[in-house]
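One letter stands for each residue in the lines below.
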Amino acid sequence: MNAPEPDQLLQRLRQALPATPGIGGRGDYRNSAVLVPLCFQEDCWQLLFEERTVGIRQGGEVCFPGGFMDFKQGETPAEAAVRETEEELGISAERIRLAGRLDTVIGPAGMLVEPVVGVVDSPDLDSFQPNPAEVARVFTVPLEWFRRNPPEFYSVQMVVEPFRREPDGSVTITFPARELGVPECYQRPWPGTSIQVPVYRSPEAVVWGITARIVLDLVPRQATIRRDGGDV
């Protein structure tokens, strides 16, 4: 069989390759979605946050409402974000108007977060009914505050380990580098990348990590946000 001409190969590749590339190995990550809720209170647009109940996973942290996305069952980021917001804050879907999405955030602990921006119909915080099993408190911070107060940046160093440390102190090899014949340096922990961690010291609480990264992405778009509920 004759090899295809370069032009033919290019045409076949253009037909076969995805028009919009995704994220390779996505199923290996924890896929989640959050709602980035904007509400108009005290004569300005504010971002709505929640503080997670102590004793649960990531208890005490400040975040946006959200959670795991049933990615394998075809649940979209918007569907997951609204569902989780209903469950956590007691806000019905009818009170949430979605505007669009921000960039996917890749967390250092192996989580992909899809931020979905929405406007929440909220006369005041008393109108929410947060689930106490998941949410300790709800608060807002004016969006303008974040524009006027850039975040501080710190860094954490990631380390890749080819083994898993068990609760009883034993070690289970998860990447048999020696047997695979890969370079010897991969038989022991090797340094990963250094992650920059943004931190906002807001009047209500410290907003940091993935949540702060999402805020940092939203703030430059602030000029399009209007009180009349137009473009957000």
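Please read all numbers here as calculations on a predicted model, not as lab measurements.

Draft legend 1. Fine view of the sheet that holds strand β9 (residues 152-160). One open sheet holds the three strands; their spatial order is β9-β12-β13, and the pairing between them is antiparallel. In this open sheet, the two strands that pair with only one neighbour each are β9 and β13 (206-208). Put simply, the sheet's adjacent strands are angled 30° from each other on average, direction ignored. Here helix α5 (residues 209-218) sits on the sheet and contacts β9, β12 (190-201) and β13; the angle it forms with β12, its principal contact strand, is near 65°.

Draft legend 2. Local environment of the packing of aromatic side chains. Throughout the structure, instances matching the rule amount to eight aromatic pairs. Residues Phe40 and Trp45 carry aromatic rings whose centres are separated by 5.3 Å and whose planes lie at 75° to one another, so their mutual orientation is edge-to-face. The exposure class assigned to Phe40 is partly exposed, which follows from its relative accessible area of 24%. For Trp45, a relative accessible area of 12% translates into the label buried. When the ring of Phe146 is compared with that of Tyr200, the centres are 4.9 Å apart and the planes differ by 90°; the resulting orientation is edge-to-face. Here Phe146, found in helix α3 (residues 143-148), pairs with Tyr200, found in strand β12; they are 54 residues apart in sequence, far enough to count as distant. For Phe146, a relative accessible area of 2% puts it in the buried group. Taken together, the aromatic side chains of Phe49, Phe64, Phe139, Trp145, Phe146 and Tyr200 make up a single cluster linked through ring pairs.

Draft legend 3. Representation of the pattern of salt bridges within the structure. Scanning all chains against the criterion turns up eleven salt bridges. With a shortest N-O distance of 2.8 Å, Arg148 and Glu144 are connected by a salt bridge. Of this pair, Arg148 and Glu144 both sit in helix α3, four residues apart, which is roughly one turn of the helix. Residue classification places Glu144 among the partly exposed residues on the basis of a relative accessible area of 27%. Across the pair Glu161 and Arg165 runs a salt bridge whose closest N-O atoms are separated by 3.2 Å. Residue classification places Arg165 among the exposed residues on the basis of a relative accessible area of 55%. Via salt bridges that share partners, Glu75, Arg83, Glu84 and Glu87 belong to a single interconnected network.

Draft legend 4. Broad picture of the layout of surface pockets. By volume, the largest pocket is sized at about 750 Å³. Along the walls of the largest pocket sit 38 residues, with Gln58, Glu61, Met111, Ile210 and Thr211 positioned nearest its centre. The greatest single-element share of the lining of the largest pocket, amounting to five residues, is contributed by α5. Residues of the lining of the largest pocket, tallied by class, amount to 20 nonpolar, nine polar and nine charged. Looking at the second largest pocket, its volume works out to about 230 Å³. Lining the second largest pocket are Pro108, Ala109, Met158, Val159, Val160, Glu161 and Trp190.

Draft legend 5. Region of interest: the environment of Ile96. Relative to the assigned elements, Ile96 resides in strand β5 (residues 96-101). As for Ile96 and Val119, which are separated by 23 residues in sequence, their C-alpha atoms are 5.8 Å apart. Discounting residues that sit within four places of it in the chain, Ile96 has contacts with Leu35, Val82, Thr85, Ile91, Val119 and Val120.

Draft legend 6. Layout of a nonpolar patch on the surface. A cluster of nonpolar residues, Leu9, Leu10, Leu13 and Leu17, forms a patch on the protein surface that exposes about 350 Å² of accessible area. Relative to the helices and strands, Leu17 is located in the loop between α1 (6-16) and β1 (30-41).

Calculation rules
- Residues numbered from 1 in each chain as written.
- Predicted model: local features only at pLDDT ≥ 70, side-chain atom pairs only at ≥ 80, totals over all residues.
- Heavy atoms only, no water.
- Pairing = 2+ DSSP bridges.
- Helix = DSSP H or I, 4+ residues; strand = E, 2+ residues; numbered from the N terminus.
- Axes fitted to C-alpha atoms, helices over the stretch in contact; angles between N-to-C directions.
- Contact = heavy atoms within 4.5 Å.
- Phe/Tyr/Trp six-rings, centres within 6.5 Å; stacked < 30°, edge-to-face > 60°.
- Buried < 20%, exposed > 50% of the residue type's maximum accessible area, 1.4 Å probe, protein only.
- Salt bridge = Lys/Arg side-chain N within 4 Å of Asp/Glu carboxyl O.
- 1 Å grid on protein atoms, 1.4 Å probe; cavity = no way out; pocket = protein on both sides within 12 Å on 5 of 7 lines; lining within 4 Å.
- Points joined across faces, edges and corners; volume = space filled by probe spheres on them.
- Nonpolar A, V, L, I, M, F, W, Y, C, P; charged D, E, K, R; others polar.
- Patch = residues over 30% accessible without salt bridge, like charges linked within 9 Å, V, L, I, M, F, W, Y side chains within 5 Å.
- Areas by Shrake-Rupley, 256 points an atom, 1.4 Å probe, with all protein chains shown as cover.

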